[in-house]
Every structure is written in C-alpha cells, then in structure tokens.
Amino acid sequence: MKGYLKPRDRRRRKAGPCLTWQLVLPMGYDSAGKRKTLYRTFRGKRRDAQAALDALRHEVRAGTVASAGDHTFADGVRAYIASRQADAQEFGRDRAPIDRDSVDQYRFLAETYLLARIGARKLREVRDYELREMLDAIRKHGRVRNPAKPLALETMKRIKSVLTSVFKYAHERRWVDHDVTTGLKLAKRRGRPVYRILSVDEAAALIAAARGTRLHLVIFIAAVSAMRRGEILALTWDAVDLEAGLLHVRKSLRRDSTFKLPKTDRGIRNLAIPPEVADLLRAHKRQQYEIRETVPQMADLDLVFSNPDGRPWNPNSIGTLYNRICRDSRIGRVKLHELRHSLASLLIAANVDVPTVAEILGHADEAFTMHQYVHPVHRRHPAQIELVRQIAERATK
C-alpha cells in the first residue's frame with residue numbers, strides 16, 4: 001500500500017512545474033475480486049503532495065479515513081446540522097457559536113430548496129457550475145407559493161450560506177477533495193433594502209390607530225424605543241422600572257415561544273421611555289393582575305405581554321391585527337420592524353451621533369448602524385440644506 005503521485009496538469013508543465021497532483025493509493029480487493037483504489041486531488045508542490053500522500057496512507061492504516069465516495073449532499077446536511085446542535089449543547093442553548101434559530105433556518109432552507117434538487121447526489125460528483133445553475137433556477141422560480149416571482153436576494157444569500165457551510169464541513173472531513181463553493185457568488189444587489197421610514201406624524205397616527213387594541217402598547221414601545229418585536233414580547237415586569245422610566249432589555253422571544261439571550265453583550269441595554277408609556281404600563285399592569293386572579297395560570301413568567309393564562313404570545317400571531325391597524329391609520333403598509341428603522345433614522349436626521357444610536361439599537365458594530373440606517377437623504381451637505389431652505393422661503397413669499 002505504498003501509493004504514488006500522478007501529475008494532473010501536464011498541459012501547463014512547459015510553463016512551470018506541476019502544481020496539481022492525484023494521490024493514488026491501492027486499497028486491495030473487494031469481495032468480488034475487483035481492485036479498489038483511493039484517489040485524492042492535491043494542489044501544491046511535489047514535496048507537499050508527497051507529504052499529503054504519506055498522511056493519507058497513515059490514515060488508511062489507522063482506519064480513520066472516511067469512505068468519501070458514498071456521502072451524499074443529504075448526508076452532509078444532516079451531519080453539519082448535527083454538529084451545530086452538538087455545539088449548542090456544549091456551549092449552552094442560548095450562547096452557542098451558531099444559535100438555535102440559525103440551525104432551524106438552515107434545516108428549513110435545505111429541505112425547502114436544496115434536498116429535492118441535489119440531496120441524492122454524491123458530494124464528490126457535484127460541480128461548481130451545477131451549483132451556479134441551480135442557484136439561478138432557485139432565484140427565478142424558487143418561491144413555494146408564487147413560483148413566477150423571484151426569491152429575495154437575502155433569502156438567496158442564506159441558501160448559498162447553507163451550501164458553503166455543508167461543503168466546507170465535508171472538505172474539512174475529507175469527504176471531498178476540494179470545496180466547490182469557494183468561488184460561488186451571487187449577483188450583487190443594486191442598492192440596499194428599501195425600508196419605509198415614518199415621519200413623526202405618521203408614527204403618531206399609527207399609535208393612535210392602535211388605541212383600544214392589545215397591540216397599542218407594543219406599537220408605542222416599538223416606536224419610541226426601537227426595540228425588536230421579540231425583545232418587546234420577552235419583557236418581564238422585573239425588567240421594567242416605571243419610576244425611572246427605563247426598560248431593561250435582557251432577552252428575546254423566539255418564533256417558537258421560547259427565549260434566547262442577545263447575540264452580543266451590546267444587545268443587553270437599558271432604554272428610556274417617555275412618561276406616557278410609563279403611565280400606560282402602570283394601567284396595563286393593574287389590568288393584567290386583575291385578569292390573573294380570575295384565570296388559572298399555566299405559566300408563571302411574569303411577562304408584560306402574555307396570554308390570560310400567563311403564557312407568552314406567539315410572535316407570529318399579531319400580524320393580522322397589526323395589518324388592520326395599518327389600514328385604519330391610513331398611512332399605508334409598514335412593517336413593525338420598520339418602526340425601529342424609523343426611530344433610528346429620525347435620530348440620525350436630528351444629528352444624534354452614530355455611537356449613541358448604535359447603543360440604543362443594541363448594535364455591536366457602529367459601521368453596521370451607519371450602513372443600515374443612514375439613508376441618502378441624511379447625507380446631504382449642510383450647504384445644500386441651507387440653499388434648499390432659502391429657495392423654499394423665497395418661493396413662499
């Protein structure tokens with residue numbers, strides 16, 4: 001079982017030394033008497049290829065080399081997700097290197113878009129051009145409910161992330177000779193995602209339209225604190241300081257109604273609320289405690305926003321009511337998360353410094369805040385603003 005090296009780029013040898021080698025290692029015979037040979041591709045100098053061949057021979061003798069040719073893409077997905085879940089158990093469910101939500105999302109994307117297409121293909125047989133063609137087809141006709149409409153670029157990025165993670169995992173375990181996703185790229189997005197930025201009057205109209213509904217306080221808090229939906233629904237009364245007018249953000253509610261810690265330490269923060277919100281919270285607390293005295297409690301979580309039995313709201317259950325509130329406000333369609341963008345953009349437009357805005361939003365990177373929330377309208381030069389003001393004043397005289 002000595003093995004040998006076989007040059008693979010003979011056409012280029014005239015221009016320089018061979019830099020691509022095939023590692024050939026005889027593996028004996030199978031039960032039918034057919035010769036078995038193990039092949040690996042190596043890129044580099046001859047002495048490095050020889051070292052790789054020696055290492056491969058050692059692995060075969062130790063019994064640690066994998067039968068790479070039998071692994072399918074579906075096997076790679078299952079193995080990668082299992083390894084991520086193992087990390088979550090080792091580091092704690094809420095502080096894993098990749099959180100549980102991401103693992104669940106990877107599984108969903110793989111099952112929805114990838115396994116039906118290449119799940120049965122052996123990893124070694126998949127080529128980069130096939131992946132590019134597949135991603136292009138998914139982008140154009142991948143929507144489950146409306147195949148005629150192309151997928152959003154953010155969704156395509158997540159699908160590509162699944163592919164690259166699985167093949168990188170397979171390459172690290174030598175299930176494949178090289179990672180075919182190394183040069184895989186998506187078309188560049190033109191511009192940034194377009195968010196609806198509400199004015200002060202529009203935000204006030206939305207809050208007024210929600211008065212009398214269970215979302216009134218949720219929308220009010222989102223509009224004045226820039227908290228995320230999950231952070232608002234995870235608030236507990238011990239995290240609400242009504243006297244000081246502060247909300248202590250410590251955790252977030254997942255879509256499956258379980259809780260998680262912020263991804264970074266900057267996500268743990270204290271946010272000021274106006275007296276109007278504090279007064280509404282006091283009234284809400286009194287009403288909530290009156291209801292709890294009459295309804296058997298299924299959970300004692302002391303949540304600010306909960307079902308009558310004490311259990312948390314399902315974050316996905318507020319969409320219908322919220323859409324009706326948007327219609328009643330007559331400001332048009334606006335996502336709840338866009339209240340966060342609106343407050344951040346209004347603060348920046350009011351000359352609040354970016355580090356302060358990043359602290360309010362819980363961003364670990366101020367550059368991310370600058371990229372996501374400083375829109376072109378906020379980058380106007382002061383001289384331009386003054387000139388426009390003078391034109392407007394003279395036009396109205």
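Right, let's walk through the structure included here.

Scoring rules and cut-offs
- Residues numbered from 1 in each chain as written.
- Predicted model: local features only at pLDDT ≥ 70, side-chain atom pairs only at ≥ 80, totals over all residues.
- Heavy atoms only, no water.
- Core = buried A, V, L, I, M, F, W, Y, C linked by side-chain atoms within 4.5 Å.
- Buried < 20%, exposed > 50% of the residue type's maximum accessible area, 1.4 Å probe, protein only.
- Helix = DSSP H or I, 4+ residues; strand = E, 2+ residues; numbered from the N terminus.
- Contact = heavy atoms within 4.5 Å.
- Phe/Tyr/Trp six-rings, centres within 6.5 Å; stacked < 30°, edge-to-face > 60°.
- Lys NZ or Arg CZ within 6 Å of the ring centre and 35° of its normal.

Moving on, we come to the nonpolar core. Within the largest apolar cluster, 43 residues are counted, with the highest numbers of intra-cluster contacts made by L206, L215, I219, I221, L281 and F305. Those elements that place two or more of their residues in this core are α6 (200-209), α7 (216-225), α8 (229-233), β5 (246-249), α9 (275-292) and α10 (319-329). The element that contributes the greatest number of residues to this core is α7, accounting for seven residues. Apart from residues lying up to four places away in sequence, I221 is in contact with A226, M227, I232, L247, V277, L281 and F305. Judged by nonpolar contacts, the second largest core, of 31 residues, contains Y80, I118, Y169 and L184.

A word on the packing of aromatic side chains. Counted by the stated rule, this structure contains five aromatic pairs. Centre to centre, the rings of Y80 and Y106 are 6.0 Å apart; their planes meet at 25°, and the pair counts as stacked. Of this pair, Y80 sits in helix α2 (residues 73-91) while Y106 sits in helix α3 (residues 100-118); the two residues are 26 residues apart in sequence, bridging distant segments of the chain. Assessed through its relative accessible area of 10%, Y80 is described here as buried. Taken together, the aromatic side chains of Y80, Y106, Y169 and W175 make up a single cluster linked through ring pairs. Note that R214 overlies the ring of W313, its terminal NZ or CZ placed 4.3 Å from the centroid.

Just distances and angles here, no functional claims.
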